[in-house]
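One-letter residues, chain by chain:
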Amino acid sequence: MNPQVPNPNRVLVIDDNESIHKLVVARLRPEGLEVIGEDDGERGIERAVSSQPDVILLDIGLPNVDGFEVCRRLKEHPSTRNIPIIFLTGTTDTESKVRGLDLGAVDYVTKPFDQVELRARVRAALRTKRLQDILEQQSFLDGLTGLWNRSYLDRRLESELNVARRYGRPLTLVLADVDHFKRVNDSLGHLFGDIVLQGIAEGLRAYARRSDIVARYGGEEFAILLTDTTLRAALHVSERLRMSAENRHCEARSEVVSVTASFGVACSEDIGGVLTPEELIRAADLALYASKDAGRNCVHMYRDGELILTTGDPDALGGSGAT
Amino acid sequence: MDPIRSSYESDPDMLEIVCDFARELPARAARLEALLEARSYSDLQTLAHQLKGAGGGYGFAQITEVAGRLEQSLKSGSSETLAKECVAELCAILRAVVVPETN
C-alpha cells in the first residue's frame, strides 16, 4: 500500500432525534459530504471506530450515555482520538459549552442551527483534520525514498500480528539489505549511495503487490510486510523483488553501477514458539544473514528453526507460481 | 390561527424532508397533550427539547420559540399553568402547519 491522503469526506451524526439526522443530511450533502448516523451513544462510538469519519456531530442529551461521556471516550480511544468533534445541541448554557470544549471538542453549534454556519464550521474542522492527517502521515514516511519508515512498520507489524493471531491468518516479513553498500558509498560518494537507495526503493515498490507494506527499515535495509500471505507465496514475491534490484542500473556522472540485495523471509506460521514482532523480525534477520553468508544476492527462508536457500530451488518455491 | 408554511419549502434540498416533518406534526401535538394529561413532565420536556432543536431547522421559527419556552417552564418547574399555556400554544401551531405540495 502506497502512502496516500485518506478521503476526507465523511461526517458521523450522533443524535437521538431522527429529524436532526435528515436535516443534517439535507444540509451537508450539497457540500459533497457523506453523512452517516447513529441515535445512541454506545452505537455512535462503535460506528466511529469502524467507519473512521472525518468529523463527528454530537448531541449532548442522548439516552443511556450522554454526549459528554461519548466525547470523553472518543478522545480516549486511539483510533478516534484525532477525529474532530463538534457538539450539535439544543443545550445553550455557557457551562455546557465550556465543558464540551474542555473535553476536547473543536466546536459547539446550537440547535436550531443556521445551515450556512454549520457548513462553514464543518469545513473548518475538515481543514484542520486534513492537515493533521498529512502531518501524521509525514511522520511515518522516509524522507529519502518516500517509503514508509521504521516507526510505521513497527506499528503495523504489531497490529497485523494481532489480526494474524486472532483470525489464524499468515503474516510474512521480508527483510532486504543492499549488498556491499558501504563499498558503493566509499567509492562513489554518499550522494550516489542515496541514488542507489532510491532506485532500490522504486524497484521494491513497483514489484511488491498492492497490499504489501514496503518500508525503509534503516540505513540500507528495507522491510516488506505481506499480510495474509503464506511463506511459499512470499518466496515468489521475494524472488521478484531480488530480481528487481539485480536488473536495476544506477547511473551518475557517467558511472553505471549494478547493485544487488540479499533477502530473508519469515512467516508467522513457521517460526514456532511465541508469536511476537521481535521473534518474527529475529527469524527474518537470521534468514537475511544466511543470504549474506551464502554469497549475497539470494533469498533464504526461516522455517521451523532451519535456514534454507530458496533462490534457484524449485522445490522450495513449490512450483505453484502463485504470487 | 393562520396557516403556517415552512420558510424552506422552496428549497429543493429541503422540500422532501420538510414534507415528512410537517406530516408528523399533528401526531406530535397529540403526544404533547397526552404527556401533559399524564403529567409525564420529563418526557414532555424531552419532546419540547427536540421540537425546539428541529423546528427552526425545518423553517418553522415559531415552533422553536414556543417549544423553547415550554422546555424552560418545565425545567424551572415554575408553574403548571404556564406549561399548560405553552402546550396549548405549541399544539395550535403544530396543527396550523401546511404540508407543502410535491410534484
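Located above this text is the structure these notes cover.
Note that the structure is predicted; figures quoted are calculated from it, not measured.

> It is not clear to me how unusual backbone geometry should be interpreted in this structure. Could you clarify?
Across the chain, the bulk of peptide bonds are trans and the bulk of non-glycine residues have phi less than zero. With an omega dihedral of 0°, the bond running from Lys111(A) to Pro112(A) counts as a cis peptide bond. Tracing the sequence through the fold places Pro112(A) in the loop between strand E5 (107–110) and helix H5 (115–138). With a phi close to 70°, Arg296(A) is a non-glycine residue in the positive phi region. Along the chain, Arg296(A) falls in the loop between helix H10 (277–293) and strand E12 (299–303). Looking at Arg296(A), the relative accessible area reads 32%, which means it is partly exposed. A positive phi angle, close to 55°, is found at Arg39(B), a residue other than glycine. With respect to the secondary-structure elements, Arg39(B) resides in the loop between helix H2 (25–37) and helix H3 (41–55).

> Got a minute to help me understand the interface of chain A and chain B in this structure?
One frequently used descriptor of interface size is the decrease in accessible area upon assembly of the parts. Taken together, the contacts link 13 residues of chain A with 17 residues of chain B. Buried surface at the junction of chain A and chain B, summed over both partners, amounts to about 1,300 Å²; 52% is from carbon and sulfur atoms. Considering only the surface of chain A that becomes buried against chain B, Leu23(A), Arg27(A) and Pro112(A) emerge as the three largest contributors, covering 34% of it. Connecting chain A to chain B are two salt bridges. Across the salt bridge formed by Asp20(B) and Lys22(A), the nearest N and O atoms sit 3.5 Å from each other. At the boundary of chain A and chain B, one finds six residue pairs in polar contact (both at pLDDT 80 or more). Taken together, the residues of the side of chain A that touches chain B sort by class into five nonpolar, four polar and four charged.

> Even after reading the chapter, I still don't get the sheet that holds strand E13 (residues 306–309) of chain A, so can you show me in this structure?
Either a parallel or an antiparallel arrangement is found when strands of a sheet pair, and the pairing is made through backbone hydrogen bonds. All names here are of chain A. One open sheet holds the six strands; their spatial order is E7-E8-E6-E11-E12-E13, and the pairing between them is mixed. The sheet is open, and its two edges are formed by strand E7 (213–218) and E13, each paired on a single side. Between one strand axis and the next, the sheet turns by 25° as a mean value, whatever way the strands run. Judged from the five bridges that link them, E7 and strand E8 (residues 221–227) form a sheet pairing that is antiparallel. By the bridge assignment for E8, Gly218 is matched with Glu221.

> Help me understand the packing of aromatic side chains in this model?
Aromatic rings considered in pairs are described by the distance between their centres and by the relative angle of their planes. Applying the stated criterion to the full structure yields six aromatic pairs over all chains. Each ring, one from Trp148(A) and one from Tyr152(A), has its centre 3.7 Å from the other, and the planes form 15°; the classification is stacked. Comparing Trp148(A) with Tyr152(A) shows no difference in burial state: the two are buried. Aromatic rings pair up to connect Phe68(A), Phe87(A) and Tyr108(A) into one cluster. Looking at Arg27(A), its charged tip hangs above the ring of Tyr8(B), at a distance of 4.5 Å from the centre. Between the NZ or CZ atom of Arg99(A) and the centre of the ring of Phe68(A), over which it lies, the distance is 4.1 Å.

Conventions used here
Just so you know, the residues in each chain are numbered from 1, in the order the chain's sequence is written. Chains carry letters and ligands carry numbers; both start at the beginning, A for chains and 1 for ligands, and go up in the order they are written. The predicted origin of the model limits local features to residues at a pLDDT of at least 70 and limits the giving and counting of side-chain atom pairs to 80 or more, whereas totals for whole chains, interfaces and linings rest on all residues. For the side-chain quantities, the full set of heavy atoms in the structure was used; hydrogens and water were omitted. Secondary structure is summarised from DSSP: a helix means a run of H or I of at least four residues, a strand means a run of E of at least two, and numbering begins at the N terminus for each. The rule is simple: take the accessible area with a 1.4 Å probe, protein chains only, and divide by the maximum for that residue type; under 20% is buried, over 50% is exposed, in between is partly exposed. Any two residues whose heavy atoms approach within 4.5 Å at even a single point are treated as in contact. In this description, buried area is defined as the sum, over both parts, of the accessible area (probe of 1.4 Å) that is lost when the two are combined. Just to be clear on terms, a salt bridge is a Lys or Arg side-chain nitrogen sitting within 4 Å of an Asp or Glu carboxyl oxygen. Polar contact criterion, stated in full: a pair of N or O atoms within 3.5 Å, where within protein one must be able to donate a hydrogen and the other to accept it, and residues adjacent in sequence count only if both atoms are side-chain atoms. When residues are sorted by character, Ala, Val, Leu, Ile, Met, Phe, Trp, Tyr, Cys and Pro go into the nonpolar class, Asp, Glu, Lys and Arg into the charged class, and all the rest, Gly among them, into the polar class. In this analysis, strands are considered paired if DSSP registers two or more bridges between them. Helix axes use the C-alpha atoms of the stretch in contact, all axes being lines fitted to C-alpha atoms, and the angles between their N-to-C directions lie in the range 0 to 180 degrees. Geometry of aromatic contacts follows a simple scheme: Phe, Tyr and Trp rings, the Trp one being its six-membered ring, pair when their centres are within 6.5 Å, and the pair is stacked under 30 degrees between planes, edge-to-face over 60, tilted otherwise. Distance and angle both matter: a charge sits over a ring if NZ of Lys or CZ of Arg is within 6 Å of the ring centre and within 35 degrees of the ring normal.

Purely spatial values, then, with no claim about function.
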